[in-house]
Amino acid sequence: MTKRFLYCWFPHLTTDWLILCNPKLAGEALVVTAHQHGRIIVTAASQVAQAKGIRNNMSVADAMLIEPTIRVAKEKPGRAEKLLQNLALWCLRYTPIAAVDGQDGLILDITGCAHLWGGEERYFREIILKLRSKGFDVRGAIADTIGAAWANARYGRVHPILKPGEQQNTILSFSPAALRLNPITLVRLRNLGLRRISDIARIQRSALRRRFGDEMILRLDQAFGQVEELITPVVPVEIFEERLPCLDPIRTAGGIEIALTRLLETLCLRLQKNGKGLREAIFKGYRLDGKVEQISVGTSRASAHVPHLLRLLAEKIPTMEPDLGFEVFSLTAPKVEDAASGQEALWETARGLEHSGLPDLVDRINNIVPEKDAVKRFLPDAHHWPERSVRLAVSIREKSDIPWPDSADMPAVMLKKPEPIEVTAPIPDYPPMHFRYRGKLHTITKADGPERIANEWWLDNVQYRDYYAVEESNGARYWLFRSGDYTGTPTRQWFIHGFFA
């Protein structure tokens, strides 16, 4: 598939934004200024100011000679970058790949996207008119390469959409500035009488490289499509993602569910063809006012079962606020895994973790309970200290090669982190006679221990604990330990770690 790019150029980005914030500035000559080498210069000029002859890099004093009534605003560092970042995020409703280019442009990789809007003409018109309706002066162009789209957006005067393979013939008539060359190179080209890109393209590559360096060759190759140009998207691209534009804004829960069903069917078909299943799904609705509503679910195993996933996501649809309506929906699977192919049987014989209905039940519980991943499963891990000897399973059917330890001497309830206690102990290696935990005094009548447990020998700081199973007069049993050797200050060395049944 031929790559296609849409470039959006905002020639008055910061002044457009200031006018949006203060509509009273519309119709006035507005400039943004900054200090540079002891002078105050114009860094951005509005359309009205430019029509009066005010240009960027002009001193404010000269600008006031041209138009004494100009309105001046100080430049705020990072404003343009932030505006472009937000505009790029807004453009994600039209393509999953959007990147910021410099101080005044956006690059959209629209490969395989335009057909969803009925072709490139309608797609281009939709994006540009929406941006202009928000108050931004924007020019755009579509081409096979970023360089050609950049050049046509700024210097093209015929048609903004270049058909596949036409970029070379079109940009040959443009000024060398359309190649994104540095100012020094442009001055040298002008002094040599090279006024068009066609004049440069006729010169041998070796001569161009000797006179102008590698940048000239690189920019020519990028514009003509002979060298691929990489961009950095504002949001990392997800491999498994589907989009659905709407002919009319969707406001009802029924309409949202229909859109979700279509996206799930398409996405799950792709997953099944690749032998994959999703572990997490994110459903987004892009509203007319620019805001994004989203819901997400996770699964306990890789799944591409449409009815199950639809039931999980549909339960959260009421949390999405459509406001004026959704114009685009997207469904993303940021986390996928290999899906084991299951065998259909006439009757169900598996039990426990192998029961086919267990993952679906766990998913529904996790989807209903507010706490994230309310149902958890743990597996043994290769560590000696009790709080490190288990780990959270990544899926409900994950297996471990490490066997579970003998649970006869382990407490039924173990604290996530041992808590300090105050004890009264007679001599070293003897269990305590009393201990105080959370303000309550416990008198010990029976005790068993010590059992020494050390951390891994290959660690730099080797430590050990002496564990005791103790019981008080009412039958309550606890798991206590002393950390390290006896130092004579037992209140700082003793901890409670668990409770026996």
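Look up a bit, the structure's there.
Keep in mind it's a predicted model, so treat the numbers as computed, not measured. (Residues numbered from 1 in each chain as written. Predicted model: local features only at pLDDT ≥ 70, side-chain atom pairs only at ≥ 80, totals over all residues. Heavy atoms only, no water.)

**Here's the deal with the packing of helix α1 (residues 13-21) against helix α4 (residues 79-90)**
Step number 1: The contact between α1 and α4 brings their axes to 10 Å, and the two run at 80 degrees. Classified by the angle their axes make, α1 and α4 are roughly perpendicular. Side by side, α1 and α4 meet where Leu13, Thr14, Trp17 and Leu18 of the first sit next to Arg79, Ala80, Leu83, Leu84 and Leu87 of the second.
Step number 2: Looking at the contact of α1 with α4 residue by residue, the classes come out as seven nonpolar, one polar and one charged. (Axes fitted to C-alpha atoms, helices over the stretch in contact; angles between N-to-C directions. Helix = DSSP H or I, 4+ residues; strand = E, 2+ residues; numbered from the N terminus. Parallel < 35°, antiparallel > 145°, perpendicular 65-115°, else oblique. Contact = heavy atoms within 4.5 Å. Nonpolar A, V, L, I, M, F, W, Y, C, P; charged D, E, K, R; others polar.)

**Structural notes on the pattern of salt bridges**
Step number 1: Per the stated rule, a full pass over the model turns up 23 salt bridges.
Step number 2: The shortest N-O distance in the salt bridge between aspartate 199 and arginine 202 comes to 2.8 Å.
Step number 3: Note on aspartate 199: relative accessible area 18%, which makes it buried.
Step number 4: It is possible to trace a salt-bridge network through shared partners that takes in Arg93, Glu126, Lys130 and Glu327. (Salt bridge = Lys/Arg side-chain N within 4 Å of Asp/Glu carboxyl O. Buried < 20%, exposed > 50% of the residue type's maximum accessible area, 1.4 Å probe, protein only.)

**What to know about the packing of aromatic side chains**
Step number 1: Inspection of the entire model under this criterion finds 15 aromatic pairs.
Step number 2: Judged by centre distance (6.3 Å) and plane angle (85 degrees), the rings of tyrosine 94 and tyrosine 123 are edge-to-face. Of this pair, tyrosine 94 sits in the loop between α4 and β5 (97-101) while tyrosine 123 sits in helix α5 (residues 120-133); the two residues are 29 residues apart in sequence, bridging distant segments of the chain. Tyrosine 123 shares its class with tyrosine 94; the two are buried.
Step number 3: Plain terms: the ring middles of tyrosine 478 and phenylalanine 499 are 5.9 Å apart, the flat faces sit at 70 degrees to each other, and that makes the pair edge-to-face. Of this pair, tyrosine 478 sits in strand β19 (residues 477-483) while phenylalanine 499 sits in strand β20 (residues 494-499), and the two are 21 residues apart along the sequence. (Phe/Tyr/Trp six-rings, centres within 6.5 Å; stacked < 30°, edge-to-face > 60°.)

**A few points about the sheet that holds strand β3 (residues 39-45)**
Step number 1: Ordered in space as β3-β2-β4, the three strands form an open sheet in which the pairing is mixed. Edge positions in the sheet fall to β3 and β4 (71-74), since each of these pairs with one other strand and no more. Within this sheet the neighbouring strands show an average axis-to-axis angle of 40 degrees, counted without direction.
Step number 2: One ladder, built from six bridges, connects strand β2 (residues 30-36) with β3; its direction is antiparallel. Looking across to β3, one finds that glutamine 36 is bridged to arginine 39.
Step number 3: Lying over the sheet, α1 contacts β2, β3 and β4, oriented at roughly 125 degrees with respect to β2. (Pairing = 2+ DSSP bridges.)

**Comments concerning unusual backbone geometry**
Step number 1: The omega torsion across glycine 449 and proline 450 is 10 degrees, close enough to zero to call that bond cis.
Step number 2: Along the polypeptide, proline 450 turns up in strand β17 (residues 440-454).
Step number 3: In the Ramachandran plot, histidine 37 falls in the positive-phi region, its phi being about 55 degrees despite a non-glycine side chain.
Step number 4: Its place among the elements puts histidine 37 in the loop between β2 and β3.

**As for the nonpolar core**
The nonpolar side chains of a soluble globular protein tend to be buried with one another.
Step number 1: The biggest cluster of nonpolar side chains holds 32 residues, and the ones touching the most others in it are Leu6, Cys8, Phe10, Leu13, Leu106, Tyr123 and Leu131.
Step number 2: Every element with two or more residues in this core is listed here: β1 (5-9), α4, β6 (105-109) and α5.
Step number 3: When residues of this core are assigned to their parent elements, the largest contribution, six residues, is made by α4.
Step number 4: In this structure cysteine 8 touches Asp104, Gly105, Leu106, Ile128, Leu131, Val138, Arg139 and Gly140, once residues within four positions along its chain are discounted. (Core = buried A, V, L, I, M, F, W, Y, C linked by side-chain atoms within 4.5 Å.)

**Side note on the packing of helix α10 (residues 205-212) against helix α11 (residues 214-224)**
Relative orientation and spacing of two packed helices are given, respectively, by the angle between their axes and the distance between those axes.
Step number 1: Interaxial distance between α10 and α11 falls to 6 Å at its minimum, and their mutual angle equals 130 degrees. One way to sum up the angle between α10 and α11 is to call them oblique. Of the residues in α11, those in contact with Arg205, Leu208, Arg209 and Phe212 of α10 are Asp214, Met216, Ile217, Leu220 and Asp221.
Step number 2: The class makeup of the residues in the contact of α10 with α11 is five nonpolar, no polar and four charged.

**Considerations on a nonpolar patch on the surface**
Step number 1: Judged by side-chain polarity, Phe378, Val390, Leu392 and Trp404 come together as a nonpolar surface patch covering roughly 390 Å² of accessible area.
Step number 2: Along the chain, leucine 392 turns up in strand β13 (residues 390-392). (Patch = residues over 30% accessible without salt bridge, like charges linked within 9 Å, V, L, I, M, F, W, Y side chains within 5 Å. Areas by Shrake-Rupley, 256 points an atom, 1.4 Å probe, with all protein chains shown as cover.)

**Points about the side chain of arginine 93**
Step number 1: Note on placement: arginine 93 falls in the loop between α4 and β5.
Step number 2: Of the polar contacts made by the side chain of arginine 93, one reaches the backbone oxygen of tryptophan 90; its length is 3.0 Å.
Step number 3: Leave out the neighbours within four places in its chain, and arginine 93 touches Trp117, Arg243, Tyr286, Arg287, Gly290, Lys291, Glu327 and Val328. (Polar contact = N/O pair within 3.5 Å; in protein donor to acceptor, adjacent residues only side chain to side chain.)

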